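Residue strings, one per chain:
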Amino acid sequence: MSRAVGVAEVGDADFAAEVLESELPVLVEFTADWCPPCRQMAPVLSSLAAEEGERLKVVQLDVDHNPDTTNAYKVLSMPTFMVFRDGEPVKAMVGARPRRRLLEELADVL
């Protein structure tokens with residue numbers, strides 16, 4: 001998986017603990033090794049995690065290795081970004097986007 005530096009990897013086994021039970025809002029990138037746009041997002045997610053880490057938790061989930069979570073949230077395209085707050089998905093965005101646009105889209109959930 002195209003790991004973003006400073007971004008935790010979550011899976012089916014720990015999704016509830018790491019994402020649904022998080023005190024902070026969580027941005028989840030549903031990603032895959034075979035997805036070029038996902039690789040483009042790695043530095044964006046790294047900088048977001050570094051800058052917004054006190055307000056937002058950023059994690060990645062590999063769809064190929066975690067089918068239960070992927071199917072539960074009906075994720076069909078990579079990358080899909082979902083923001084979870086208090087255990088519920090509050091926003092979903094599909095496709096790679098520049099950092100500035102991602103920040104704009106996250107402004108109402110931060």
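Structural data are supplied above this passage.
Residues numbered from 1 in each chain as written. Predicted model: local features only at pLDDT ≥ 70, side-chain atom pairs only at ≥ 80, totals over all residues. Heavy atoms only, no water.

Draft legend 1. Looking closely at the sheet that holds strand 1 (residues 8-10). What the 5 strands build is an open sheet, ordered 1-3-2-4-5; its pairing is mixed. Only two strands of the sheet have a single partner each, and these edge strands are strand 1 and strand 5 (88-94). Across the sheet, the mean angle separating the axes of adjacent strands is 30° when strand polarity is ignored. Both strand 2 (residues 26-31) and strand 3 (residues 57-62) contribute to a ladder of 6 bridges, which runs parallel. Within strand 3, the residue paired with glutamate 29 across the bridge is glutamine 60. Here helix 2 (residues 36-52) sits on the sheet in contact with strand 2, strand 3 and strand 4 (80-85), set at roughly 165° to strand 2. Sheet strands in contact with helix 4 (residues 99-106) are strand 2, strand 4 and strand 5, and its direction is about 150° off that of strand 5. (Pairing = 2+ DSSP bridges. Helix = DSSP H or I, 4+ residues; strand = E, 2+ residues; numbered from the N terminus. Axes fitted to C-alpha atoms, helices over the stretch in contact; angles between N-to-C directions. Contact = heavy atoms within 4.5 Å.)

Draft legend 2. Examining the nonpolar core more closely. Counting residues in each nonpolar core, the largest one holds 17 residues, and the members touching the most others are Leu27, Leu45, Leu48, Val58, Met93, Leu102 and Leu106. At 6 residues, the largest contribution of residues to this core is made by helix 2. Apart from the residues within four sequence positions on either side, valine 58 is in contact with Val7, Ala8, Leu27, Leu45, Leu48 and Ala49. Judged by nonpolar contacts, the second largest core, of 16 residues, contains Val19, Val26, Val63 and Met78. (Core = buried A, V, L, I, M, F, W, Y, C linked by side-chain atoms within 4.5 Å. Buried < 20%, exposed > 50% of the residue type's maximum accessible area, 1.4 Å probe, protein only.)

Draft legend 3. A look at the pairing of strand 4. For strand 4, a buried count of 5 out of 6 residues is recorded, marking the element as mostly surrounded by other parts of the structure. Pairing of strand 2 with strand 4, which is carried by 5 bridges, proceeds in the antiparallel orientation. By the bridge assignment for strand 4, glutamate 29 is matched with phenylalanine 81. Bridging between strand 4 and strand 5 involves 6 bridges; their strand directions are antiparallel. Considered in strand 5, the bridge of arginine 85 is made with glutamate 88.

Draft legend 4. Representation of helix 2 in the model. With 17 residues, helix 2 extends 25 Å from end C-alpha to end C-alpha; this agrees with the ideal 24 Å at 1.5 Å per step. At alanine 42, helix 2 shows its strongest bend, of approximately 35°, with the proline proline 43 following within four residues. The secondary structure elements touched by the buried residues of helix 2 are strand 2, strand 3, strand 4 and helix 4. (Expected span 1.5 Å × (residues − 1). Bend = angle between axes of the 7 residues up to and from the residue.)

Draft legend 5. Examining the state of the cysteines more closely. For the structure on display, the rule yields 1 disulfide. Bridging cysteine 35 to cysteine 38, the disulfide has an S-S length of 2.2 Å. Residues cysteine 35 and cysteine 38 are joined through a disulfide that is right-handed, its torsion about the S-S bond being 85°. Considered together, cysteine 35 and cysteine 38 belong to a single accessibility category, that of buried residues. (Disulfide = S-S within 2.5 Å.)

Draft legend 6. Structural context of the environment of alanine 32. With respect to the helices and strands, the residue alanine 32 is situated in the loop between strand 2 and helix 2. Each C-alpha atom of the pair alanine 32 and glycine 53 lies 23 Å from the other, and the pair is 21 residues apart in sequence. Contact partners of alanine 32, with chain neighbours within four places excluded, come to Cys38, Val63, Asp64 and Met78.

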